[in-house]
Amino acid sequence: MIELQVNGKTYRTSAPAERPLLNVLRDELGLTGAKYGCGEGQCGACTVLLDGRAVRSCVTPLRAVAGRAVTTIEGLAPAGGLHPVQEAFLEAGALQCGYCTPGMILSAVALLSRNPDPGVAEIVRFMDGNICRCGVYPRIIAAIRSAAARMRRSA
Amino acid sequence: MMAPGRAASETLMDRRDFFRALGGVVVVLTVEPAEGLQQAPGARSGAQQTPREIAAWLHIGEDSAITVFTGKVEVGQNIRTSLAQAVAEELRAPIERIRLVMGDTDRTPFDMGTFGSRTTPFMAPQLRRAAAAMREVLTDLAAERWGCSRERIVIGDGMVKGPGAAQTASFGELTQGKRILKEISDAAPLTPAGRWSVLGASRPKVDGAAFVTGRHQFPSDLRLPGMLYGKVLRPPAFGASLVSADLSEAQRMPGVIVVREGNFVGAAAPDEFTASQAVAAIRAEWKLTPQPGAGELFEYLKKNPAETQGFGGAPRHEAGSIEQGLAAADHQLRQTYTVAYIAHAPLEPRAAVAQWEEGKLTVWTGTQRPFGVRSELAQAFGLPESQVRVLVPDTGSGYGGKHTGDAAIEAARLARAAGRPVKVVWTREEEFTWAYFRPAGLIEVTSGVRRDGTVTAWEFHNYNSGPAAIRTPYSIEHQRIEFHPARSPLRQGSYRALAATANHFARETHMDELAALVGMDPLEFRLRNAKDPRLRAVLEAAAEKFGWSRRKKDPGVGYGLAAGFEKGGYVATCAEVAVDRATGSVRVVRVVEAFECGAVVNPDHLRNQVEGSIIMGLGGALFEAVEFEDGRILNPRFSAYRVPRFSDLPQIEVVLLDRKDLPPAGGGETPIVGIAPAAGNAIFDATGVRLRSLPLVPHGLKT
């Protein structure tokens, strides 16, 4: 049995230690906010936070997360509320189909926790592993900058 | 009067009796449940009648909640929002009260599919007519209730008011949750664009919060009780047929169900990992047949005409005499252009959950053609269409790539054998290999131009990629334009804007070559040959915003433009590129695009579509190509198939021309067609190197 800390709750799973975290989140815990996009850590749709850092859950084996705090999009804000990055995505209209959105938001949260005021070049560098096929990139950059400003004001 | 006590008498009346009972009242109410909308029994796809009664499209609940039924699906184009706006506008109701049921074959009227930019010009007016007809019904009911003339009834903010101070009723109080069977008139009084208050305004995505919180359930997210996960055995190459399959090892795995039906072999298991292992444990022998390779592709397309016309429509256009046109020219030019196969690569791969219950099949799947997939399923399993239901939750994009029901059929086959619901989600590699591609194509152009810049002759032959936007929007006296369907070595199908991208690339590159040939400015050259005022308007708007006439000629920098027309939309694109001749690197650094598609329905969402089209189009313009050999796809992964990322992003400026005097056209496709030729023309401007193949610089600029 492996013990997982996800969104502040403890789960135990009998899944093998090599099983990707993504599969367990989605199929065992019913946390489908993290998406499958490529299975090779190339698109960022499966991004979750591991101790606050963005990781690709499709290439993260369970063994690597035991005893560490996993945050998925479902746990980013208290139920019924929105994280400032989620609010900023809505306000900037930074989504079309929305499939990449949870991964984009969690990557952005990880970026802003490292640097509360990233410039465009840093956003591009940090977010380059997240693919949006609808091409909403300019709006995502705008949303991240707006969320950063909002979070700095309330910090 | 529709007094509450009336409902009891409705139960056993047939519709005609009920008309009579109501006398002059235009409203017809029945007690059929609103949820039970069905297609006419035995009606066949393709010959479907558009339902004429309001209830097929629109229902008002007793609580005044408004439910809209449309066979269209949401794949990121934000029509759930724009169609809600359309109904809110005509029904004078708050958009928050409107909920759309989309792409559910049991509940929504037949629809061919969500493609061809047809939602805005066709579905939105249909729903607006239904809502306007409902508004008339509400007016009639209120006038009867309060015994006043219709003219004294005012509907606004989702309420109905009469002349008296206390005369206020909600929609639900008037219609009492009944189905309204009044026929929708083609002459339903629609609100003109000049008086729009909800349409024409930027409204946020109606259920955006469900997406940013991860709450929305995409097709691949769905789970049913007792559901198994399915995987399918794939051939090693296109054209391979199954000779034998040893299933024994897979069958011995606990909890695994293995299915072989003809060439179909698959497995279902309690989790996806086990299902994959089971399929991997199947020992299959395949017979391969030789397949054309990428090296001979364009020759192959030209030498292998297809017998069917394909893509529909008459593919040939003639005007004047090409020979005469060429004779009248000072210069002639003959060039060949090619485009590669590219993949849609929707971030959500094909996915389906299938469930059999007492012989009835229900499938939730991501598709742009729910009714088409219903037909595919009915055919595959020998069922009447009435025994198949397809539902499409808002899906992780499509771009023309999700027309077929492959995953739906696979899930249904496995679910039937397992006796339990089965989910199939394609892997990225499956999506890159076994979906279908944007067609590759070969385009030959022969033209004549006079020294003054007038194009006198235009001959244009497209092999395989398609006839969309094949006609030139320029006014040229002598034309011969032809589409030649071919046998494609790879499975091919729709892609955002279809062949409009290929045809615009060839046409607008060739126009640029002609401008250079006569030494004219590319903008001036196009304006000389463009008579259509809408085409001229977008060209002038884009050039103005871009600063075309003030552009600076620096080393390594180039500027290009392109323009065109398709599906009711006009587009002009200006691009600036930076080229490093030493390394061969090419970057599109700035793009200005002007777009006009009639009256703008939602400016922010239209901008979003235009921006997204430019960015998606950059991939096919610069580097995307499906590589293949011997029937195998060589780059079926995001690590090998490059798509646009944040770091490819140019500065983008969008100019929307809002023509309130013209009906709205779709905006999700046409804005993609300009970027490839604009970028190619800019590379020529920067370097003098003329590129005539898409992608332009998959490995940088090699000279």
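Presented here is an overview of the structure given in this document. (Residues numbered from 1 in each chain as written. Chains lettered and ligands numbered in written order. Predicted model: local features only at pLDDT ≥ 70, side-chain atom pairs only at ≥ 80, totals over all residues.)

### Some points on the overall build of chain B
For clarity, the threshold we go by: Runs of H or I in DSSP of at least four residues are treated as helices and runs of E of at least two as strands, each being numbered from the N terminus. For the radius of gyration, the atom set is restricted to C-alpha positions; the globular benchmark scales as 2.2 Å times the number of residues to the power 0.38. Note on burial: count the other C-beta atoms lying within 10 Å of the residue's C-beta; 20 or more is buried, 12 or fewer is exposed, in between is partly exposed, and C-beta positions come from the backbone. A pair of residues counts as a contact when their C-beta atoms, built from backbone coordinates, are within 7 Å of each other.
Counting its secondary structure elements, chain B contains 17 helices and 29 strands. Over its C-alpha trace chain B gives a radius of gyration of 28 Å, about what one expects of a compact globule, namely 27 Å for 703 residues. The burial tally for chain B puts 52% of its 703 residues in the buried class. The long-range share in chain B, meaning contacts at least 24 apart out of those at least 6 apart in sequence, stands at 78%.

### Focus on the overall build of chain A
Per the secondary structure count, chain A includes five helices and five strands. Each helix and strand of chain A, placed in order from N terminus to C terminus, yields the pattern β-β-α-β-β-β-α-α-α-α. A compact globule built from 155 residues should have a C-alpha radius of gyration of about 15 Å, and chain A, at 15 Å, falls within 12% of that. Projecting the C-alpha coordinates of chain A onto the three principal axes gives extents of approximately 45 × 30 × 25 Å. Relative to its 155 residues, chain A shows a buried fraction of 54%. Within chain A, contacts between residues at least 6 apart in sequence are counted, and of these 63% link residues at least 24 apart.

### Digging into the pairing of strand 11 (residues 257–261) of chain B
Residues and elements named next belong to chain B. So the rule is basically this: We call two strands paired when DSSP finds no fewer than two bridges between them.
Where strand 11 meets strand 12 (residues 264–269), five bridges bridge the pair, whose relative direction is antiparallel. By the bridge assignment for strand 12, Ile257 is matched with Ala268. Linking two consecutive strands that pair antiparallel, namely strand 11 and strand 12, is a turn of two residues; a positive phi of about 60° is found at Gly262 within it.

### Things to note about the interface of chain A and chain B
For clarity, the cut-off: Nonpolar residues are Ala, Val, Leu, Ile, Met, Phe, Trp, Tyr, Cys and Pro. Charged residues are Asp, Glu, Lys and Arg, and all others, Gly as well, are polar.
Taken together, the 43 residues of chain A in the interface contact 46 residues of chain B. Only helix 1 (21–28), helix 2 (84–92), helix 3 (101–114), helix 4 (120–127) and helix 5 (137–154) of chain A provide two or more residues apiece to the side of chain A that touches chain B. Considered class by class, the residues forming the side of chain A that touches chain B number 21 nonpolar, 14 polar and eight charged.

### Examining the sheet that holds strand 3 (residues 66–70) of chain B
Residue and element names in this part refer to chain B. Selection rule: In this description, a line fitted to the C-alpha atoms serves as the axis of each element, helices being fitted only across the stretch in contact, and the angle between N-to-C directions of two axes falls anywhere from 0 to 180 degrees.
Spatial strand order, 2-3-4: three strands in an open sheet with mixed pairing. Among the strands making up the open sheet, the edge pair consists of strand 2 (58–60) and strand 4 (98–102). Between one strand and the next, the sheet's axes are offset by a mean angle of 20°, whatever the strand orientation. The pairing of strand 2 with strand 3 spans three bridges and is antiparallel.

### Digging into helix 11 (residues 406–418) of chain B
Residues and elements named next belong to chain B. We apply this condition: Here, expected helix span is obtained from the residue count minus one, scaled by 1.5 Å.
Over its 13 residues, helix 11 runs 18 Å from end to end, which matches the ideal 18 Å to within 8%, given 1.5 Å per residue. For helix 11, the tally of buried residues reaches 11 of 13 residues, placing the bulk of the element in the interior. Looking at helix 11, one finds that the buried residues are Asp406, Ala407, Ala408, Ile409, Glu410, Ala411, Ala412, Arg413, Leu414, Ala415 and Ala418. In the segment just after helix 11, Gly419 is the residue with positive phi, at about 70°.

### Notes on the sheet that holds strand 28 (residues 651–656) of chain B
Residues and elements named next belong to chain B. Spatially, four strands are ordered 23-24-25-28 in an open sheet, and the strand pairing comes out mixed. Only two strands of the sheet have a single partner each, and these edge strands are strand 23 (557–566) and strand 28. Each adjacent strand pair in this sheet contributes to an overall mean axis angle of 15°, direction not counted. Most of the contacts of helix 16 (residues 603–622) go to strand 28, to which it runs at about 130°, and overall it touches strand 25 (585–596) and strand 28.

All quantities given are derived from atomic positions and should not be read as evidence of function.
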